[in-house]
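Observations on chain architecture
What follows is each chain in one-letter form.
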Amino acid sequence: MTLKTILTITVLTTFLSCKQNSRYLRIEKKFTDREQLINSILPNKTILYWKYVETSSNKVVKEVGDKKLLSSYKIEEPNQGFFVECHPGFCYSYIIYIDNNGLNFVTDEKTLLNFIGKIDNISEAILVGKTQGLWIDKENEKGGSYKKTKKGYEMNLLKYNGCPETYESVFFEINFNGYFKMKSNGIYKKTGNCIVS
């Protein structure tokens, strides 16, 4: 092979690999299930015991560690949490955990982000997006795609408004340290319907 042919092959290979790495992948449907996301949480620090509870059904979604440690504490369910839902009723999620400092509660988005800490996987990245009111569009990549970068993840997520029904694409970038930023990519679908949940 000539030097010119080798250089051409090298340049094309580099270009194609860069192009492939810059492609956004479709977020799989399993990541629309919050339980799937919760089960992928790897806490930021050493935790002796923790559990994630949804008050709508009083369901323990995930429980890790030595449950016997709870017997040392008088525990009352917190009267607030994150992922507030069930309108017009009122339900939410919270986390109870025990570390070397004792019993702790995660009852808002800020303490949830601190609990998650380092972003270890795409599930944690999506979960942080959900704390900002963003969702995944199962049908359209403008609201449901991602790519892993050297610093973390870039995603195109959905900001949904039910009345009038509007689908807005939001660029959500999060680094492995949990720092994120987002900006609107604009509205990509409007139905004119009014969906009240």
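Residues numbered from 1 in each chain as written. Predicted model: local features only at pLDDT ≥ 70, side-chain atom pairs only at ≥ 80, totals over all residues. Heavy atoms only, no water.

1. Regarding the state of the cysteines
A full pass over the atoms with the stated rule returns 1 disulfide. Through a disulfide, C163 is tied to C194; the S-S separation comes to 1.7 Å. Because the torsion about its S-S bond is -100°, the bridge between C163 and C194 counts as left-handed. Taken together, the positions of C163 in the loop between β8 (152-162) and β9 (165-175) and C194 in the segment after β10 (180-190) put the pair 31 residues apart, joining distant regions of the chain. Using a relative accessible area of 42% as the deciding quantity, one classes C163 as partly exposed. (Disulfide = S-S within 2.5 Å. Helix = DSSP H or I, 4+ residues; strand = E, 2+ residues; numbered from the N terminus. Buried < 20%, exposed > 50% of the residue type's maximum accessible area, 1.4 Å probe, protein only.)

2. Some points on the pattern of salt bridges
Under the defined criterion, the tally for this structure stands at 10 salt bridges. Ionic pairing is found between K147 and E154, a salt bridge with its closest N-O pair at 3.9 Å. Taking the relative accessible area as the measure of exposure, K147 reaches 15% and is therefore buried. Connected via shared salt-bridge partners are R34, E54 and E85. (Salt bridge = Lys/Arg side-chain N within 4 Å of Asp/Glu carboxyl O.)

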